[in-house]
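Close look at the chain arrangement
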Amino acid sequence: MGYAHEYAEAVLHRGRVPMEPADFVPDWPDGPRRGKFYPGVESLALPDGNDLPAAPARTGLLPPTGAKDGPWRGAGPGGEGGSDKGAAPGGQRGFTLPLLSAMLKDSYGLTGRRLGIQANSDLSGLPFHTHANWSRGTAGGGGLYPVGVHWVSGPSGPLTPGIHHYDVQRHSVQRLLTGDVTDRVREALGADAPAEALETDQYLLLGVKYWQNTFKYNSFGYHVVCTDVGTLVQTWRVWAAAHGLRTAPVLWFDEPRLNGLLGTVGEEESVFAVVPLRWEGAAAPRTAEVTGPDPAVRHRDVERSRTVVRFPTVLAMHAATVAGATDRPAPGALAPAAARPVPEGGTRVALPAPAFPDTPVRHVLRSRRSSFGRFDAARPVTPGQLSAVLAACAATSLGEETAAGGEAARQVRLYAFVNHVAGTAPGAYVYDPDAGDLSLVVPGPQGAFLQRNYFLANYNLEQAGVALVPTVRTSAVLDAVGDRGYRLAVGTAGAVAQTFYLAASALSLGAGVALGFDNVSFVERLGLEGTAEAPLLIMALGNERPGPADFRHEIA
């Protein structure tokens, strides 16, 4: 049993036994930047992405009628963006510079400034420019956004081959290294990597600078950054599916080697995922023997903090998850860790077939935000709205890399704590994605339980129409694929959170996702002892009070 098991248990019980260092207090004035700063590095502005061709209004949250695979398992041509003209090898459409630029802007770029009367603890500082709340399409744990995006481009791309960092503040790329290193990236992925990862010379590397998160969350920060990687990966998958494209992350690779290319020290900043991109009109790259030592980025991010603290627990989790970085699990390895099926029988509540309105994915992403105490119980959620959100969340998976026969094992089980859903009695239910209905677990009102076991004061969970709680069998995932599976298990929860936010946005509902709650109380409430199911999030959904006092200034 590896160290990740110990860490997972500590996270699960942190509501009752604080994680060390229990007396840690963030030094807010000395906090790090929310991004990177490379002084003197050449910067290339990206297209604004607003001139993409007119496209059908698709959210990308559910597969087209009659399609077997959802957007998270791959989407072929004909989605938002039109035909398969310019399709890359394999028959799928390929990325272009305008498409990639638009995806980066819509997902992690800054899109506007928001102010509003709400219940979050940071409200008093938001009117000041130095504490401005800049909106992004992707959710970020604590609003910290510690994931760095590097574009490793080869000869088929529009830029001089090299390594480019995506500057979220300026929507530009900064060239950190000139020269084609994509053959070295392919070697780092391994010969047993998915074919699509080896048949391209364009990659997005997702790296995490630990201090950008741990300065606030200390030892819990490793869990949070895994969630953040999952939210960004899922945004790209939904965005790509809506445009007839596909993105799929690779989680097993030679991590120290990729860190070396980026010139980073793994204990401080490390690559968590690689996302290969099919490029329009590009042929599969020629296989060439790699000789000589790897080059490395020489530019260094300038740290803002005068004091940087390294937490032993985070260092231990980094070491544990890097140790098996190249040991890619065999196809079907995650099957023993799949979500448990819902037993037949019991009290069932039928739900309508899931459906979303015809809304462009960009609008969905630009409208996404957290409700922070604005829920209004006077207007219940409809069964149709609940059905759509549940179906989209249940289909979310990051396990395709270990899929058997092209089908990834379902890893998420969803519980619905119903407060105010039209025609549905209050109670705790489990969602059955195969039957498309709810099965009663605990009857009766759940509002008092939800609020009693929530740490913060920024939500009145009883006022939400429903609170969804996704579970992943975290310890079973670790048993199946080793300590590195922690990133997959918790990243999956992050992907579910992002799907939840986008589904709520598409339905014009309020939404809020929280990690600060007593996880064990939900295990006890739902009778999950001995199942390895770990409740990882609370996701509140509902209508908001009308006429909010909001200010929005769009910059994209």
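A closer look at the overall build of the protein
- If you tally the helices and strands in the protein, you get 14 helices and 17 strands.
- Taking 24 Å as the expected radius of gyration for a compact globule of 556 residues, we find that the protein reaches 22 Å, a close match to that expectation.
- Its C-alpha atoms give the protein principal-axis dimensions of roughly 65 × 55 × 50 Å.
- Relative to its 556 residues, the protein shows a buried fraction of 60%.
- For the protein, restricting intrachain contacts to residue pairs at least 6 apart in sequence, the fraction spanning at least 24 positions comes to 80%.
- Summed over all atoms, the accessible surface of the protein reaches about 21000 Å², with 54% contributed by carbon and sulfur.
- On the protein, the mean spot of the 48 positive side-chain charges and the mean spot of the 53 negative ones are 5 Å from each other.

A closer look at the pairing of strand S5 (residues 162–167)
- For S5, the buried fraction is high: six of the six residues fall into the buried class.
- Along S5, one buried face is formed by Gly-162, His-164 and Tyr-166 and the opposite face, lined by Ile-163, His-165 and Asp-167, is buried too.
- Bridge count for strand S4 (residues 147–153) against S5 is four bridges, and the pairing is antiparallel. When the sheet's bridge partners are listed, Trp-151 is paired in S5 with His-164.
- Bridge count between S5 and strand S6 (residues 172–178): six bridges; the pairing is antiparallel. What sits directly across from His-165, in S6, is Gln-174.
- Between the antiparallel neighbours S5 and S6 lie four residues, among them His-171 with a positive phi of about 45 degrees.

Section: the sheet that holds S4
- Reading across the sheet, the six strands line up as S1-S6-S5-S4-S7-S8 and stay open at both edges, with antiparallel pairing between neighbours. The strands lining the two open edges of the sheet, one partner per strand, are strand S1 (43–45) and strand S8 (269–276). The sheet shows a mean angle of 30 degrees between the axes of neighbouring strands, taken without regard to direction.
- Pairing of S4 with strand S7 (residues 202–209) involves seven bridges; the strand directions are antiparallel. By the bridge assignment for S7, Gly-148 is matched with Gly-207.
- Along the sheet, helix H2 (residues 97–107) makes contact with S4, S5 and S7, crossing S4 at roughly 170 degrees.
- Relative to S7, helix H6 (residues 221–242) is tilted by about 155 degrees, and along the sheet it contacts S4, S7 and S8.

Observations concerning the packing of aromatic side chains
- For the structure shown, the criterion picks out 19 aromatic pairs.
- Taken together, Tyr-7, Tyr-210, Tyr-222, Phe-272 and Tyr-486 form an aromatic cluster joined through their ring pairs.
- The ring of Phe-253 carries Arg-484 above its face, with NZ or CZ at 5.1 Å from the centroid.
- Its end group placed over the ring of Phe-449, Arg-525 keeps NZ or CZ at 4.4 Å from the ring centre.

Some details on helix H12 (residues 474–481)
- What H12 keeps buried is the set Thr-474, Ala-476, Val-477, Leu-478 and Val-481.
- Buried residues along H12 sit in contact with helix H1 (3–12), strand S13 (466–472), helix H13 (485–506) and strand S15 (534–535).
- Residue Gly-482 follows H12 closely and has a positive phi angle near 90 degrees.

A short note on the pattern of salt bridges
- Tallied over the entire structure, the rule returns 25 salt bridges.
- Of the charged contacts in the structure, one is a salt bridge between Asp-301 and Lys-209, with a shortest N-O distance of 2.5 Å. Taken as a pair, Asp-301 in the loop between S8 and helix H8 (312–323) and Lys-209 in strand S7 lie far apart in primary sequence, 92 residues in all. Comparing Asp-301 with Lys-209, the two get one shared label, buried.
- Close ionic contact of Arg-410 with Asp-434 constitutes a salt bridge, the shortest N to O distance being 3.7 Å. Pair noted here: Arg-410 is in the loop between helix H10 (383–394) and strand S10 (412–418) and Asp-434 is in the loop between strand S11 (427–432) and strand S12 (437–443), with a separation of 24 residues, a long-range link.

Topic: the environment of Val-342
- Checked against the element boundaries, Val-342 lands in the loop between H8 and strand S9 (348–350).
- Remark: the alpha-carbon pair of Val-342 and Pro-433, spanning 91 residues in sequence, is separated by 8.7 Å.
- With near-sequence residues (within four places) excluded, Val-342 lies in contact with Arg-348, Arg-413, Val-430, Tyr-431, Asp-432 and Ser-439.

Thoughts on the packing of H6 against H13
- Where H6 meets H13, the closest approach of the two axes is 6 Å, and the angle between their N-to-C directions is 55 degrees. Of the possible angle classes, the one that applies to H6 and H13 is oblique. Crossing angle aside, the handedness with which H6 passes H13 is right-handed. Contacts between H6 and H13 involve Tyr-222, His-223, Cys-226, Thr-227, Gly-230, Thr-231, Gln-234, Thr-235 and Val-238 from the first element and Tyr-486, Arg-487, Val-490, Gly-491, Gly-494, Ala-495, Gln-498, Thr-499 and Leu-502 from the second.

Some thoughts on the confidence of the model for the protein
- Looking at the protein, pLDDT values average 90 and 91% of them are 70 or higher.
- In this model, residues 65–90 is a region of pLDDT below 50 whose contacts with residues beyond four sequence positions or in other chains number 81 contacts.

Topic: the sheet that holds strand S2 (residues 112–116)
- An order of S3-S2-S17 is seen for the three strands of this open sheet, with the pairing classed as antiparallel. What marks the edges here is a single partner per strand, and that holds for strand S3 (134–135) and strand S17 (550–554).
- Inspection of the sheet shows S2 paired to S17 by five bridges, in the antiparallel sense. Paired with Arg-114 across the bridge in S17 is Arg-552.

Structural notes on the pairing of S2
- Of all five residues in S2, four are buried; the element is thus mostly enclosed.
- With two bridges connecting them, S2 and S3 associate as antiparallel partners. Residue pairing in the sheet places Arg-113 in a bridge with Trp-134 of S3.

Structural notes on the side chain of Ser-107
- Along the chain, Ser-107 turns up in helix H2.
- At 3.2 Å, the side chain of Ser-107 forms a polar contact with the backbone oxygen of Leu-104.
- Setting aside residues no more than four positions away along its own chain, Ser-107 makes contact with Arg-136, Gly-137, Thr-138, Leu-232, Thr-235 and Trp-236.

Quick word on the nonpolar core
- Counting 116 residues, the largest nonpolar core has Leu-204, Leu-206 and Tyr-486 as its most contacted members.
- With 14 residues, H13 is the largest single contributor of residues to this core.
- Setting aside residues up to four positions removed in sequence, Leu-204 forms contacts with Leu-100, Met-103, Val-149, His-150, Trp-151, Trp-236, Ala-273, Val-274, Val-275 and Leu-277.
- Counting 23 residues, the second-largest nonpolar core is a separate cluster that includes Val-342, Val-442, Ala-467 and Leu-526.

Cut-offs applied
- Residues numbered from 1 in each chain as written.
- Predicted model: local features only at pLDDT ≥ 70, side-chain atom pairs only at ≥ 80, totals over all residues.
- Heavy atoms only, no water.
- Helix = DSSP H or I, 4+ residues; strand = E, 2+ residues; numbered from the N terminus.
- Rg over C-alpha atoms; globule rule 2.2 N^0.38 Å.
- Buried < 20%, exposed > 50% of the residue type's maximum accessible area, 1.4 Å probe, protein only.
- Contact = heavy atoms within 4.5 Å.
- Areas by Shrake-Rupley, 256 points an atom, 1.4 Å probe, with all protein chains shown as cover.
- Lys, Arg positive; Asp, Glu negative; His and termini not counted.
- Charge placed at Lys NZ, Arg CZ, Asp CG, Glu CD.
- Pairing = 2+ DSSP bridges.
- Axes fitted to C-alpha atoms, helices over the stretch in contact; angles between N-to-C directions.
- Phe/Tyr/Trp six-rings, centres within 6.5 Å; stacked < 30°, edge-to-face > 60°.
- Lys NZ or Arg CZ within 6 Å of the ring centre and 35° of its normal.
- Salt bridge = Lys/Arg side-chain N within 4 Å of Asp/Glu carboxyl O.
- Parallel < 35°, antiparallel > 145°, perpendicular 65-115°, else oblique.
- Left-handed = near helix turned anticlockwise from the far one by under 90°.
- pLDDT = per-residue confidence, 0-100.
- Polar contact = N/O pair within 3.5 Å; in protein donor to acceptor, adjacent residues only side chain to side chain.
- Core = buried A, V, L, I, M, F, W, Y, C linked by side-chain atoms within 4.5 Å.

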